[in-house]
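# Per-entry structural report
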Amino acid sequence: MDLISSADFMQGLAVLLNPNVHMFVLIGAIVGLVFGAAPGLTAPAAIALMIPLTYDMGLETSLALLLGVYCSGYFAGSIPAILINTPGTPGNAATGLDGYPMAQAGQGDRAVAIAIVGSFVGGLVAMVLLASIAPTLAKFALSFTSVEYFSLALLGIVCVAGISQGSLMKGLAAALIGVLVSTVGLDPTSGVPRMIFGIPHLLAGVEIIPALIGLFALSEMLMKSHRNQPVQKVMKTEERMRIGQIFMDFARNKWLALKSALLGTFIGLLPGTGPAIGSWVAYGDALRTAKPGDKYGKGEPKGIIACESANNAVTGGAMVPLLTLGIPGDPVTAILIGALMIHGIEPGPFFIRDYGWLFVAIVLLLFLSNIWMVIIGLLSRGTLAKVVQIPAYILVPVICVMAAAGSFAVVNSAFDVRIVLLFGIVGYLMVRFDFPVAAVVLGLVLGPILESNLRNALIGSQMDPTVFVTRPISLAILIAMVALLLIWKRQAKKQARLTEQVLNDSKKGDET
Amino acid sequence: MSGIFKNPDMVSGAALIVFGAVATALSLDISRGPDIISLPPNFMPLICSVGIVLCGLVLLVRGFTSERAELPMILDRGSAGVAVALGFYFWFFDDLDFRLGTWALVLVIMLVMRCRSWKQLLIVPIATSAIIYVTFRYLFEILLPVWG
């Protein structure tokens, strides 16, 4: 049985006939580029701020806007990484290792252009894999029960905690805080109120959109308001590259781009990962296969190709667990769950079967977003370099007002605005003490999935907890979870060594 | 604070223990509800709370056995000013006129963050307030709080 019929396919294709869809993809791409390029603003913050605006929009147009932001936002974080050595998102940190030395050598424009085309290649490869893997996985997932879903949600939470930069304990604590917050409100089984402190607004639980806006947008703005921000010199991009030269760079390194994109996609497939892991793994692999004469860490274009192809490929990869299992692959897809739920659509194993046309539409919208990203990115790379220079004293108040107005707009509730404030403070403190905010978000989203499936699984097995290890798929997932934790632990050590080595080599090069 | 806490891990650990302990007490306080064969309503909150306490303990011990390190500055004068302005604006959002409140907030934050261009101080607060209000009111048809 095919999950997607030809009628679904045609209906999905028809989305492209809607001119509003094209307009909102374009707007989304521009918003994503601006948010990604402005240091201190990130793609998750952009999407969290945009979601309240999509309440009154149609499903296709709101997804067009959000997916446009998603694709462009991840790429554009490479612009500040290249021009001021400050990655816009953690996923672009590795890009700066070669991008910044290139900019210092007067090749800033070339580095930015390579990042744009690399992101495009990554996005395309991931989209093709999303279209081919997701329906098969969804078919397989139809046989899953609560037992497997609990194990998968646990895998997501443990993975996001395990791969958190800094420490496993901090990641785990952040994820647990997220799950704890998700339990606030009426217990879905017994109707007993949990930790509502007599506040009627909390009966339905903590609204996820205001919490996300607070955690991502407000906390980032509080960080930017510090007076001791380092003043970075913006590298010049006047020396323009011809588009043909950029494509020649890629033609020479096509296999590296393809390999990095595949790595990024498969890393995105794993719940709880994200572009940061994707780009570091791809960079590490590029370094491992370096040829004599390659100057990684000192301005090697291949370094940018590897990182950017991988981190944008994560976008497509991360959509696979979201659309087939209902489990977000990264923080942005965790936010996208909220966007789909606004329109009454619950991602999960039945998503492709019930909304085959929407799946086709999402794949096409990702494709369209990548096309717009590369067009606008290449045409406006000089202007984007100027976005990096927008002063913090303008960005901070404007984004904070958008956060307040956006959260109020969700249900016209001033209580939600206070939730933004509360989570903004919590997020800010977490960032100051190196806790991963993304882990809280995944905990918030996965918490209800974890709890309801744990309950259903235990009720179905007469409260026998061994059911999680006696069912083969669940056991395999749990074993994979332990294995991944061990692998990532080793990977984190290797990554730290790699960064240190590249930075040391780069410093030595500067001295000589 | 740096006298008691040797490094950021100790501060984080202590904060998590306090938070987790409060959450544990609140979880234990949740009523058991009707007698049905399922997990009690406080099962998940309790597991999480205890988990947070354990994470806090590990961090505290790790911090205790690690070298002394500088604690991150929570707020400086700039961020404290911005935080106070934001706290007031967000908390009293529906009591303020959005247009006036937004103008004042943007102006205050720009001043606190040391904007010294009088042109920007004149234009940015008015433009931000007007553009966001008009966009929400007429494009998204959302009524933001206004007086009168």
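Residues numbered from 1 in each chain as written. Chains lettered and ligands numbered in written order. Predicted model: local features only at pLDDT ≥ 70, side-chain atom pairs only at ≥ 80, totals over all residues. Heavy atoms only, no water.

### What to know about the overall build of chain A
Secondary structure assignment for chain A yields 23 helices and two strands. A compact globule built from 512 residues should have a C-alpha radius of gyration of about 24 Å, and chain A, at 22 Å, falls within 12% of that. If one aligns the C-alpha atoms of chain A with their principal axes, the spans along those axes are about 70 × 50 × 50 Å. Of all 512 residues assigned to chain A, the portion counted as buried reaches 64%. Accessible surface, chain A: about 18,400 Å² in total, of which carbon and sulfur atoms supply 65%. (Helix = DSSP H or I, 4+ residues; strand = E, 2+ residues; numbered from the N terminus. Rg over C-alpha atoms; globule rule 2.2 N^0.38 Å. Buried < 20%, exposed > 50% of the residue type's maximum accessible area, 1.4 Å probe, protein only. Areas by Shrake-Rupley, 256 points an atom, 1.4 Å probe, with all protein chains shown as cover.)

### Some thoughts on helix H17 (residues 356–379) of chain A
Compared with the 34 Å implied by 1.5 Å per residue over 24 residues, the 35 Å span of H17(A) between its first and last C-alpha is a close match. Most of H17(A) is tucked away, with 19 of its 24 residues classed as buried. (Expected span 1.5 Å × (residues − 1).)

### What about the environment of Thr54(A)?
All names here are of chain A. Structurally, threonine 54 can be placed in the loop between helix H3 (43–50) and helix H4 (59–76). The class of threonine 54 is buried, set by a relative accessible area of 0%. Along the backbone, threonine 54 and leucine 65 are 11 residues apart, and their C-alpha atoms lie at a distance of 8.4 Å. With residues near it in sequence (within four places) discarded, threonine 54 still touches Ser62, Leu65, Leu66, Ile342 and His343. (Contact = heavy atoms within 4.5 Å.)

### Focus: a positive patch on the surface
On the surface, Arg227(A), Arg77(B), Arg114(B) and Arg116(B) cluster together into a positively charged patch. For Arg116(B), the location among the structural elements is in the loop between helix H4 (98–112) and helix H5 (118–139). (Patch = residues over 30% accessible without salt bridge, like charges linked within 9 Å, V, L, I, M, F, W, Y side chains within 5 Å. Salt bridge = Lys/Arg side-chain N within 4 Å of Asp/Glu carboxyl O. Lys, Arg positive; Asp, Glu negative; His and termini not counted. Charge placed at Lys NZ, Arg CZ, Asp CG, Glu CD.)

### Describing the packing of helix H15 (residues 331–342) of chain A against helix H21 (residues 437–460) of chain A
Residue and element names in this part refer to chain A. Where H15 meets H21, the closest approach of the two axes is 9 Å, and the angle between their N-to-C directions is 35°. Relative to H21, the crossing made by H15 is left-handed. Of the residues in H21, those touching H15 at Pro331, Ala334 and Ile337 are Ala438, Val441, Leu442 and Val445. (Axes fitted to C-alpha atoms, helices over the stretch in contact; angles between N-to-C directions. Left-handed = near helix turned anticlockwise from the far one by under 90°.)

### Examining the pattern of salt bridges
Applying the stated rule across the entire model yields 14 salt bridges over all chains. Note that Lys170(A) and Asp9(B) form a salt bridge whose closest N and O atoms lie 3.2 Å from each other. Of this pair, Lys170(A) sits in helix H9 (residues 168–182) while Asp9(B) sits in helix H1 (residues 8–28), placing the two residues on different chains. For the pair Lys170(A) and Asp9(B), one class covers both residues: buried. The salt bridge partner of Asp9(B) is Arg62(B), with a shortest N-O separation of 3.4 Å. Taken together, the positions of Asp9(B) in helix H1 and Arg62(B) in helix H2 (residues 43–65) put the pair 53 residues apart, joining distant regions of the chain. Given a relative accessible area of 17%, Asp9(B) falls into the buried group. Take Arg62(B): its relative accessible area is 32%, and that puts it in the partly exposed class. One salt-bridge network, held together by shared partners, links Asp187(A), Arg194(A), Glu451(A) and Arg455(A).

### Focus: the interface of chain B and chain A
Each partner contributes residues to the interface: chain B has 68 residues there, and chain A has 60 residues. For the pair chain B and chain A, the two sides together bury roughly 5,500 Å², of which 79% comes from carbon and sulfur. Looking at the side of chain B facing chain A, the largest losses of area belong to Met44(B), Phe90(B) and Met113(B), adding up to 13% of the total buried there. In this structure, the connection of chain B to chain A is made through one salt bridge. If you list the elements that add at least two residues to the side of chain B that touches chain A, you get H1, H2, helix H3 (77–91), H4 and H5 of chain B. Per-element accounting of the side of chain B that touches chain A gives the leading share, 11 residues, to H2(B). In terms of residue class, the side of chain B that touches chain A is made up of 48 nonpolar, 13 polar and seven charged. (Buried area = accessible area lost by both parts, 1.4 Å probe. Nonpolar A, V, L, I, M, F, W, Y, C, P; charged D, E, K, R; others polar.)

### Some points on the side chain of Asn312(A)
Residue and element names in this part refer to chain A. Along the chain, asparagine 312 falls in helix H14 (residues 301–325). When its relative accessible area of 0% is taken as the criterion, asparagine 312 is described as buried. Among the polar contacts listed, one links the side chain of asparagine 312 to the backbone nitrogen of phenylalanine 75, at a separation of 3.5 Å. A polar side-chain atom of asparagine 312 sits 3.4 Å from the main-chain carbonyl oxygen of serine 119. (Polar contact = N/O pair within 3.5 Å; in protein donor to acceptor, adjacent residues only side chain to side chain.)

### Quick notes on the environment of Phe351(A)
All names here are of chain A. By the element assignment, phenylalanine 351 lies in helix H16 (residues 351–354). On the accessibility criterion, phenylalanine 351 (1% relative accessible area) is buried. Residues phenylalanine 351 and leucine 262 lie 89 residues apart in sequence; the distance between their C-alpha atoms is 25 Å. What phenylalanine 351 contacts, discounting residues up to four positions off in sequence, is Leu323, Ile345, Glu346, Gly356, Leu358, Phe359 and Ile362.

### Some points on the environment of Phe250(A)
Residue and element names in this part refer to chain A. Here phenylalanine 250 lies in helix H11 (residues 243–252). When its relative accessible area of 7% is taken as the criterion, phenylalanine 250 is described as buried. Considering only alpha carbons, one finds phenylalanine 250 and glycine 118, 132 residues apart in sequence, at a separation of 8.0 Å. Phenylalanine 250 has contacts with Ile114, Val117, Gly118, Val121, Ala257 and Ile305, leaving out every residue within four places of it along the chain.

### Thoughts on unusual backbone geometry
Residues and elements named next belong to chain A. Positioned with a positive phi, phenylalanine 197 is a non-glycine residue whose angle comes to about 50°. Relative to the elements of secondary structure, phenylalanine 197 occurs in the loop between strand S2 (193–194) and helix H10 (208–224). When its relative accessible area of 56% is taken as the criterion, phenylalanine 197 is described as exposed. One non-glycine residue, aspartate 434, lies in positive phi territory at about 60°. Relative to the elements of secondary structure, aspartate 434 occurs in the loop between helix H20 (414–432) and H21.

### Some points on the confidence of the model for chain B
Confidence along chain B averages 90 in pLDDT terms, with 97% of residues attaining 70 or more. Per the prediction output, this complex has pTM 0.84; the corresponding ipTM is 0.94. (pLDDT = per-residue confidence, 0-100.)

### With respect to the packing of H3(A) against H10(A)
Residue and element names in this part refer to chain A. Relative orientation of the contacting elements H3 and H10 amounts to 135°, with a least axis distance of 9 Å. With respect to H10, the element H3 is oriented oblique. Every pair of crossing elements has a handedness; the one defined by H3 and H10 is left-handed. Here Pro44, Ala45, Ala48 and Leu49 of H3 come into contact with H10, specifically with Ile209, Leu212, Ile213, Phe216, Ala217 and Glu220. (Parallel < 35°, antiparallel > 145°, perpendicular 65-115°, else oblique.)

### A closer look at the nonpolar core
Ranked by internal contacts, the top residues of the largest apolar core, which has 215 residues, are Met319(A) and Phe90(B). The residues touching Phe90(B), leaving out its near neighbours within four places in the chain, are Leu218(A), Cys400(A), Ala403(A), Ala404(A), Val417(A), Arg418(A), Val420(A) and Leu421(A). With five residues, the next largest nonpolar core counts Val125(A), Ala126(A), Leu129(A) and Ala313(A) among its residues. (Core = buried A, V, L, I, M, F, W, Y, C linked by side-chain atoms within 4.5 Å.)

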